[in-house]
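# Fold and geometry: a report
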Amino acid sequence: MKLLVHALGAWFAVEAASGRYPRPIAVGLTMLVARLGAPATAFAMVGYGLLRLQEAGAFERRRAPVQGRRAVATD
């Protein structure tokens, strides 16, 4: 149960850091998560890092380059 509470607090912290909530609400949520301690802080840091990586496109699939046939030179 404690893990769920910490994970939920970290999720709120990530959402607040991403700008989803207005400033007064984000400050209140941040203060609440700060009271939860180290596990929630660690979850929040990992979640925010993953969010930033996702926004940067780190998890998008890249298409494999198409390899065409090379023209064979004949003399």
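See above for the structure.
No experiment lies behind these values; they were computed from the predicted model shown. (Residues numbered from 1 in each chain as written. Predicted model: local features only at pLDDT ≥ 70, side-chain atom pairs only at ≥ 80, totals over all residues. Heavy atoms only, no water.)

Together, Val46, Leu50, Leu53 and Phe59 make up an exposed nonpolar region whose accessible area comes to about 390 Å². In this fold, Phe59 is placed in the segment after α3 (38-56). Given a relative accessible area of 52%, Phe59 falls into the exposed group. (Patch = residues over 30% accessible without salt bridge, like charges linked within 9 Å, V, L, I, M, F, W, Y side chains within 5 Å. Areas by Shrake-Rupley, 256 points an atom, 1.4 Å probe, with all protein chains shown as cover. Salt bridge = Lys/Arg side-chain N within 4 Å of Asp/Glu carboxyl O. Helix = DSSP H or I, 4+ residues; strand = E, 2+ residues; numbered from the N terminus. Buried < 20%, exposed > 50% of the residue type's maximum accessible area, 1.4 Å probe, protein only.)

In this section: the packing of helix α1 (residues 2-17) against helix α2 (residues 23-36). The geometry of α1 relative to α2 is characterised by a closest axis approach of 9 Å and an angle of 150° between their N-to-C directions. With respect to the hand of their crossing, α1 and α2 are arranged in left-handed fashion. Two secondary-structure elements touch here, α1 through Val5, His6, Gly9, Phe12, Ala13 and Ala16 and α2 through Ala26, Leu29, Val33 and Leu36. Grouping the constituent residues of the contact of α1 with α2 by class yields eight nonpolar, two polar and no charged. (Axes fitted to C-alpha atoms, helices over the stretch in contact; angles between N-to-C directions. Left-handed = near helix turned anticlockwise from the far one by under 90°. Contact = heavy atoms within 4.5 Å. Nonpolar A, V, L, I, M, F, W, Y, C, P; charged D, E, K, R; others polar.)

In this model α1 runs 22 Å from its N-terminal to its C-terminal C-alpha over 16 residues, within 8% of the 22 Å that 1.5 Å per residue would give. For α1, the complete set of buried residues consists of His6, Gly9, Ala10, Ala13, Val14, Glu15 and Ala16. Looking at the buried residues of α1, the elements they touch are α2 and α3. Looking at the residues trailing α1, positive phi occurs at Gly19, about 90°. (Expected span 1.5 Å × (residues − 1).)

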